[in-house]
Amino acid sequence: MDDDGRYRDGRSDFIRGAKDIAKVAKKQVGKKVGRGMDKMTDEYTKRSYKRFEEEDDDDDYAGVQSGDGGYYRNDSRANDDEGHSDSTEGHDEDDEIYEGEYQGIPRADSGKAGGMDGVTAEAQQFRDLSAYEGERRKDQEELAQQYETILQECGHGKFQWTLYFVLGLALMADGVEIFVVGFVLPSAEKDMCLSEPNKGMLGLIVYLGMMVGAFVWGGLADRIGRRQTLLISLSINSVFAFFSSFVQGYSSFLFCRLASGVGIGGSIPIVFSYYSEFLAQEKRGEHLSWLCMFWMIGGIYASAMAWAIIPHYGWSFQMGSAYQFHSWRVFVLVCAFPSVAAISALSTMPESPRFYLENGKHDEAWMILKQVHDTNMRAKGYPERVFSVTTIKTVKQMDELVDMGDSAAWHQKWRIKLSALFHQVWNNFQTVFSPEYRRTTYMMMAVWFSMSFSYYGLTVWFPDMIKYLQKQEYASRTKVFVKEKVEHVTFNFTLENQVHRQGQYFNDKFMNMKMKSMVFEDSLFEECYFEGITSSSTFFKNCTFIATLFYNTDLFKYRLINCKLINSTFLHNKEGCLLSDISDENNAYMVYFVSFLGTLAVLPGNIVSALLMDKIGRLRMLAGSSVISCISCFFLSFGNSESAMIALLCLFGGISIASWNSLDVLTVELYPSHKRTTAFGFLNALCKLAAVLGISIFTSFVGITKAVPILFASGALALGSFLALKLPETRGQVLQ
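Residues numbered from 1 in each chain as written. Predicted model: local features only at pLDDT ≥ 70, side-chain atom pairs only at ≥ 80, totals over all residues. Heavy atoms only, no water.

The name an unreviewed UniProt entry gives the protein is Synaptic vesicle glycoprotein 2A, with Kryptolebias marmoratus as the organism. Of the comments in the UniProt record for the protein, the one headed Subcellular location (unreviewed entry) reads "Cytoplasmic vesicle, Secretory vesicle, Synaptic vesicle membrane". Under the Sequence similarities (unreviewed entry) heading, UniProt states for the protein: "Belongs to the major facilitator superfamily." (UniProt positions renumbered as here; feature names shortened; annotations may be inferred.)

So, about the overall build of the protein. Tallying secondary structure elements over the protein gives 23 helices and 19 strands in all. Split into buried and exposed, the 736 residues of the protein put 47% on the buried side. Considering only contacts within the protein whose residues lie at least 6 apart along the sequence, 67% involve residues at least 24 apart. When the accessible surface of the protein is totalled, it reaches about 35400 Å², and 58% of it is carbon and sulfur. (Helix = DSSP H or I, 4+ residues; strand = E, 2+ residues; numbered from the N terminus. Buried < 20%, exposed > 50% of the residue type's maximum accessible area, 1.4 Å probe, protein only. Contact = heavy atoms within 4.5 Å. Areas by Shrake-Rupley, 256 points an atom, 1.4 Å probe, with all protein chains shown as cover.)

On to the packing of aromatic side chains. Scanning the entire structure with this criterion turns up 53 aromatic pairs. With a centroid separation of 6.2 Å and 45° between ring planes, the pair formed by Tyr-164 and Tyr-275 is classed as tilted. Of this pair, Tyr-164 sits in helix 5 (residues 158-191) while Tyr-275 sits in helix 9 (residues 267-276); the two residues are 111 residues apart in sequence, bridging distant segments of the chain. Its relative accessible area of 0% is what places Tyr-275 among the buried residues. The cationic tip of Arg-354 hangs over the ring face of Tyr-147; the distance from NZ or CZ to the ring centre is 5.1 Å. Above the plane of the ring of Tyr-382 lies Arg-385, whose end atom (NZ or CZ) is 4.1 Å from the centre. (Phe/Tyr/Trp six-rings, centres within 6.5 Å; stacked < 30°, edge-to-face > 60°. Lys NZ or Arg CZ within 6 Å of the ring centre and 35° of its normal.)

Once that is clear, we can look at the packing of helix 7 (residues 226-244) against helix 13 (residues 337-346). Packing of helix 7 against helix 13 leaves a shortest axis separation of 9 Å and a crossing angle of 150°. The angle between helix 7 and helix 13 places the two elements in the roughly antiparallel class. The two elements helix 7 and helix 13 cross, and the hand of that crossing is left-handed. Between helix 7 and helix 13, the contacting residues are Arg-227, Leu-230, Leu-231, Leu-234, Ser-235, Asn-237 and Ser-238 on the first element and Ser-339, Val-340, Ala-342, Ile-343 and Leu-346 on the second. (Axes fitted to C-alpha atoms, helices over the stretch in contact; angles between N-to-C directions. Parallel < 35°, antiparallel > 145°, perpendicular 65-115°, else oblique. Left-handed = near helix turned anticlockwise from the far one by under 90°.)

A contiguous nonpolar surface patch, about 430 Å² in accessible area, is contributed by Val-212, Phe-215, Val-216, Phe-422 and Trp-426. At the level of secondary structure, the elements contributing two or more residues to the nonpolar patch comprise helix 6 (196-224) and helix 16 (410-430). Position of Val-216 relative to the elements: it lies in helix 6. What makes Val-216 partly exposed here is its relative accessible area of 35%. (Patch = residues over 30% accessible without salt bridge, like charges linked within 9 Å, V, L, I, M, F, W, Y side chains within 5 Å. Salt bridge = Lys/Arg side-chain N within 4 Å of Asp/Glu carboxyl O.)

Structurally, Asn-684 can be placed in helix 22 (residues 676-699). Leave out the neighbours within four places in its chain, and Asn-684 touches Ala-214, Gly-265, Ile-268, Pro-269 and Trp-448.

What follows covers the sheet that holds strand 18 (residues 564-566). Taking strand neighbours across the sheet as the criterion, the five strands line up as 7-10-12-15-18 in an open arrangement whose pairing is parallel. The open sheet has two edge strands, strand 7 (485-487) and strand 18, and neither has a second partner. Strand-to-strand twist of the sheet, defined as the mean angle between neighbouring strand axes without regard to direction, takes the value 5°. Direction of pairing for strand 15 (residues 544-546) relative to strand 18: parallel, over a ladder of three bridges. Note on strand 18: the bridge partner recorded for Thr-544 is Lys-564. (Pairing = 2+ DSSP bridges.)

Before going further, it helps to examine helix 8 (residues 250-264). Between its first and last C-alpha atoms helix 8 spans 21 Å; for 15 residues at 1.5 Å apiece the expected length is 21 Å, and the two agree. Within helix 8, burial applies to Tyr-250, Phe-253, Leu-254, Cys-256, Arg-257, Ala-259, Ser-260, Gly-261, Gly-263 and Ile-264. For helix 8, the secondary structure elements touched by its buried residues are helix 5, helix 6, helix 7, helix 9 and helix 12 (327-334). (Expected span 1.5 Å × (residues − 1).)

Nonpolar side chains tend to gather and get buried jointly when the protein is soluble and globular. Membership of the largest hydrophobic core comes to 153 residues, with the highest contact counts inside it found for Leu-167, Phe-272, Leu-291, Phe-331, Met-444, Leu-458 and Trp-660. Contacts of Met-444, omitting those with residues within four sequence positions, involve Leu-663, Leu-666, Thr-667, Leu-670, Tyr-671, Leu-683 and Leu-727. Core analysis: the second largest hydrophobic core is formed by 19 residues, Leu-495, Tyr-505, Phe-525 and Phe-550 among them. (Core = buried A, V, L, I, M, F, W, Y, C linked by side-chain atoms within 4.5 Å.)

Moving on: helix 7. Taking 1.5 Å per residue as the helical rise, helix 7 with its 19 residues ought to reach 27 Å, and the 27 Å between its terminal C-alpha atoms agrees with that figure. Taken together, the buried positions of helix 7 are Arg-226, Thr-229, Leu-230, Leu-231, Ser-233, Leu-234, Asn-237, Ser-238, Ala-241 and Ser-244.

Before going further, it helps to spend a moment on unusual backbone geometry. A positive phi angle is found at Gln-502, which is not glycine, with a value near 55°. Looking at where Gln-502 falls in the secondary structure, it is placed in the loop between strand 9 (495-501) and strand 10 (504-506). Of note, Asn-562 is a non-glycine position whose phi angle comes to about 55°, a positive value. When its relative accessible area of 62% is taken as the criterion, Asn-562 is described as exposed.

Now for the confidence of the model for the protein. Put simply, the protein has an average pLDDT of 78, and 76% of its residues get 70 or more. The secondary structure element of the protein with the lowest average pLDDT is helix 2 (residues 86-89), at 38, and the one with the highest is helix 13, at 94. Segment residues 36-116 is flagged for pLDDT under 50; beyond a separation of four residues in sequence, or across chains, it makes 104 contacts in the model. Per-residue pLDDT stays below 50 along residues 578-583; that stretch engages in 14 contacts with residues further than four places along the chain or on separate chains. (pLDDT = per-residue confidence, 0-100.)

Rendered as structure tokens:
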């Protein structure tokens, strides 16, 4: 019995001792979790990627860190114990426990260690947010310096030029989208019988769509990638541009153009951010300015296609009276080609490696940078040069896990994922107004708004002023006939630009003819016959019709203003709106020609800005161009003829394009990579809002006064140039 008692007492002491050891071990594991995670992260960034090399396994490498934070080849052997991690071992020599026990992070309820131990472990595992942000900022600064050095090693060559033309197609599609509705509106308004408010909405709907698209796609590009977001946005643009070519009703056409604008809205913010992340510092300003030329090419393409296609009314077919496909619809279809071509070409290009590195995807970024290096070296005749970078700094990531459960339905999972993505995009957008970037963002908002308000307002005001001058010149050639008396005469020829007052028409026939800009005032029509009449801008005011027959005409009652109808009849009136005016065709050619010249005029400004962007700096280019554009606005007061207005339009466009190029480059360089497209998209959305306001305000003064548009435009440009000088210069700096 004594032996049994001693045995039981010894066993109890052994169990208590084991429990005490377990408690101490658990405390030690909890304390070392944070250190273990740090060592695992550091070990990941110090690995030598030997699997990407084709040398034998016995080649010697070492992780010798360069001055920019990268790791390059060396002949010395790396220390074997650098990969040691306490978290993977589960123990050390001082705290030895049985193999397999307490491997990893202990559960919160795994023992009765007390609340203080759990709080300590949790505090070690989940670090303070400010400390985490400080570490991310340090990582981003180190990455920026190293990334610039890597781009220097990769060089500038075939890969960048290939990407230049691919992204140029996307930018070209944006330029085309701006002009499409304006070119088809004169024809579409007759096909769809559009009222003046409907025409105004159709002209503005593209800008509203682009405003929404710029904000949405810009935010998404910082979360899911530049390439993927651009592919999605261009696909939406091309699909709805294709549908808009075939839909018949006004509402459906309006919706398709809105959706098309939403799609193409992501082009500008993503394209410039995407391309800038493949450019070294000394090439960035110049080549981003060269990229701007594709917007000009898009405008030239749209003008040339409109000139070649829309006036050919024979390029059409119809199925009954319900479905019509005129030449302007062919033009809309052709304008979708740049977007489709951009999608095809972009599918062969890689994602931005800078985006991958910002999101902790080291291997993917390394492979892309190696592809850039090898492509350029082979094209330059140095295929033997090897990409010497083995490891690149990555930014610490915060896990954003969403518990959806195993039993959740697929639509619930998608809803949760989309909701999480929305919150991530919104939170990233709010950081644009954080104290660090608040002043820069407000200044950029003012500059973008002032530039867009004046530029888009004037570029739409110019063509409207040209049309107004054309109408004035046309009205000056109006022939006036007073108190004429016509009897037993058959009119079967075109009557145009005439005013007939107090006339008398007895037993006359108006057959198979066109009436354009005809006005009959206080006239009498007795026993007359109207058949096959096609009219435009034709009105009868205070006239009297006695025993008159209207057969197959479009002289609807709204054309008869305060008229008396006595024993008169309307039979088989024409339906719909017809393409009938030869004068409209001439005006259309003039609109296309003016747009072509105005777009081509920006070529000298593009060349000058590209050559000087990296020499004089972004701010001087922006402020100088804005000041010269402001001065050129005062010459508008001398534009009293059609040719003078066209010349002033070309002058203003050629000067102001340098401001836009500088603003694009400055926006890319002022914001860090993880919020670059978000900020660019927001500012571009504000740009489209300013465009809508500028167009609405400036066009309301057409034919009234020139002073107000001139003062508005010059004042906005002067304000923009002043604020631009308050922004920080980014020339010669690495991409944040």
